[in-house]
Amino acid sequence: MKQNIKSQLFSIGVIFIGNIILAFGVMAFIVPAGLITGGATGLSIALSHYFNIPLETGVTILNVICFIMGLFVLGKKFAFTTLLSTFLYPAALGILGNIPWVATLNTDPLLAAIYGGALTGLGVGLVIRMGASTGGMDIPTIIVAKKLRLSIAYTMYAVDFAILLCQMSFSSSQQVLYGIMVLVATTILMDKVMVIGVHQTQVMIVSPKYMEINDMLQEKLNRGSTLLEALTGRVKKPIKVIMTVVSNRQVPELHQLVGQVDPNAFIVVNQVNEVKGNGFTLTLDDIPIVRFAELGDKE
């Protein structure tokens, strides 16, 4: 119970930080440089230009409307994940907008596009990584994609492009080009944050001496393994494939140990972004090692 509460508090904290970073990127770089961007922020910039509506007010109105749409169309569970961002993000915009040094932090439009896009992507990525949503235009985009059975990613790009078009009428060609840089930087950083984790290495080993190699992994590297049933492609012979995940630093040692058992072993190495479970987020200490020799004795 306590662990669950800690996990929820941690998620709320990360969502809070993500929204603050998102708002800071907008108010410190994008807005002062007069750049254009997508999402609810971009649409609010257009509303601010045409109707003189304060940016934070426009974002609040759009977020509330989209939140109500999500509540009725996508359900209470989805709407709940957007509740905090719906009000926190525009509030952060209003607070940061009243801090004088924020708007004067940078005067270079190129740096504004890079840092503004990066901070936007970082903030949105942190929120989504916690299983939440930043709300805003994401909600109608998801609704349209589901109703028309379209790709959510492509639908989001189409919506962002349409929002950019709304801002092009009062933006210079230079602002438009910088605005595209903002979206590119946002997408790159968001994707990086979404897959961030403790990088590990997945290793697949094919060898007739799989029993010795498997026991060696358990005893000398203290890594778990999984034996997969496979069939050789040339002679159609059934074989066992050892799959394991080790830290990057253990890869040279693994190559050396496998080479000592079978110099002709076939080894495939892949980088993985995140690993959870026994040996990584859970300990292997309480799981006894059962050797193949011991299985033979029992039989």
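1. Digging into the overall build of the protein
- Assigned secondary structure in the protein consists of 12 helices and 4 strands.
- Out of the 299 residues belonging to the protein, those deemed buried represent 38%.
- About 17200 Å² of surface is accessible on the protein, with carbon and sulfur atoms providing 65% of the total.

2. A word on the packing of aromatic side chains
- Applying the stated criterion to the full structure yields 3 aromatic pairs.
- Their ring planes at 85 degrees and their centres at 6.2 Å tell us that phenylalanine 24 and phenylalanine 29 sit as a pair that is edge-to-face.
- Aromatic side chains phenylalanine 24 and tryptophan 101 sit 6.3 Å apart centroid to centroid with 50 degrees between the ring planes, which places their arrangement in the tilted category. One end of the pair, phenylalanine 24, is in helix 1 (residues 2–30); the other, tryptophan 101, is in helix 5 (residues 100–103), with 77 residues separating them in the sequence.

3. Thoughts on the nonpolar core
- Core analysis: the biggest nonpolar cluster contains 23 residues, and Ala23, Val26, Met27, Leu35, Leu55, Tyr89 and Leu93 have the highest contact counts within it.
- Elements with a contribution of two residues or more to this core: helix 1, helix 3 (55–73), helix 4 (76–97), helix 6 (109–129) and helix 9 (173–194).
- If you tally residues by element for this core, the top one is helix 1, at 8 residues.
- Look past the residues within four positions of leucine 93 in its chain and what remains in contact with it is Ala23, Val26, Met27, Leu55, Glu56 and Val59.
- Counting residues in each nonpolar core, the second largest holds 15 residues, with Val203, Met216, Val251 and Leu257 among its members.

4. Regarding the pairing of strand 2 (residues 225–231)
- Where strand 2 meets strand 3 (residues 238–246), 7 bridges bridge the pair, whose relative direction is antiparallel. Across the sheet, residue leucine 228 finds its bridge partner in strand 3, namely valine 241.
- In textbook terms, the turn of a hairpin is the stretch between consecutive antiparallel strands, and for strand 2 and strand 3 this stretch comprises 6 residues, one of which, lysine 236, has a positive phi near 55 degrees.

5. As for the side chain of threonine 201
- Position of threonine 201 among the secondary structure elements: in strand 1 (residues 200–206).
- A distance of 3.4 Å separates the side chain of threonine 201 from the side chain of glutamine 271, its partner in a polar contact.
- Contact partners of threonine 201, with chain neighbours within four places excluded, come to Thr244, Val245, Val246, Asn248, Val251, Val269, Asn270, Gln271 and Val272.

6. Observations regarding the environment of threonine 82
- Tracing the backbone shows threonine 82 in helix 4.
- Accessibility expressed as a relative area gives 0% for threonine 82, which makes it buried.
- Placed 52 residues apart in sequence, threonine 82 and threonine 134 show a C-alpha to C-alpha distance of 6.0 Å.
- Setting aside anything within four residues of it in sequence, one finds threonine 82 in contact with Phe67, Ser133, Gly135 and Ile139.

7. Thoughts on unusual backbone geometry
- For asparagine 52, which is not glycine, the phi dihedral falls at a positive 60 degrees.
- Tracing the backbone through its elements, the reader meets asparagine 52 in the loop between helix 2 (39–51) and helix 3.
- A residue is classified by how much of its surface remains accessible, and asparagine 52, at 66% relative accessible area, is exposed.
- Although it is not a glycine, asparagine 222 sits at a positive phi angle of roughly 55 degrees.
- Here asparagine 222 lies in the loop between helix 10 (210–220) and strand 2.
- Classification of asparagine 222 as partly exposed rests on a relative accessible area of 42%.

8. Things to note about a nonpolar patch on the surface
- Together, Leu110, Leu111, Ile114, Tyr115 and Met181 line one region of the surface with nonpolar side chains, adding up to about 420 Å² of accessible area.
- Element by element, the count of residues in the nonpolar patch is highest for helix 6, at 4 residues.
- One can find isoleucine 114 in helix 6.
- Take isoleucine 114: its relative accessible area is 38%, and that puts it in the partly exposed class.

9. Section: helix 10
- Along helix 10, the positions that sit buried rather than exposed are Tyr210, Ile213, Asn214, Asp215, Met216, Leu217 and Gln218.
- Once helix 10 finishes, asparagine 222 follows within two positions and takes phi at roughly 55 degrees, a positive value.

10. What to know about the pattern of salt bridges
- Summed over the entire model, instances satisfying the criterion amount to 1 salt bridge.
- Glutamate 229 is the salt-bridge partner of lysine 240, the closest N and O atoms lying 3.3 Å from each other. With a gap of 11 residues between them, lysine 240 in strand 3 and glutamate 229 in strand 2 connect regions that are remote in the sequence.
- With a relative accessible area of 64%, glutamate 229 lands in the exposed category.

Definitions and limits used
Chains are numbered independently. Their residues run from 1 in the order of the written sequence. Totals for whole chains, interfaces and linings use all residues, but because this is a predicted model, local features are given only for residues with pLDDT of at least 70 and pairs of side-chain atoms are given and counted only at 80 or more. To get the side-chain values, all heavy atoms of the structure are used, and hydrogens and water are removed first. Comment: elements are numbered from the N terminus, with helices defined as DSSP H or I runs of at least four residues and strands as E runs of at least two. Burial classes follow relative accessibility: with a 1.4 Å probe on protein chains only, a residue under 20% of its type's maximum area counts as buried, one over 50% as exposed, and anything between as partly exposed. Residue exposure ignores everything except the shown protein chains as possible cover, and the areas themselves are Shrake-Rupley values with a 1.4 Å probe. Here is the rule: rings of Phe, Tyr and Trp (six-membered ring for Trp) pair when centre to centre is within 6.5 Å. Planes less than 30 degrees apart are stacked, more than 60 are edge-to-face, and the remainder are tilted. Among the buried residues, those of types Ala, Val, Leu, Ile, Met, Phe, Trp, Tyr and Cys that are joined through side-chain atoms within 4.5 Å form a nonpolar core. A contact between two residues is defined here by any heavy atoms of the two lying within 4.5 Å. Strand pairing is defined by DSSP finding a minimum of two bridges between the two strands. Under this definition, polar contacts are N or O atom pairs within 3.5 Å; protein pairs additionally need one hydrogen-donor-capable and one acceptor-capable atom, and for neighbouring residues in sequence, both atoms have to be side-chain atoms. Like charges within 9 Å and nonpolar side chains (Val, Leu, Ile, Met, Phe, Trp, Tyr) within 5 Å are joined into patches, using only residues over 30% in relative accessible area that form no salt bridge. Counted as salt bridges are all cases of a side-chain nitrogen of Lys or Arg within 4 Å of a carboxyl oxygen of Asp or Glu.

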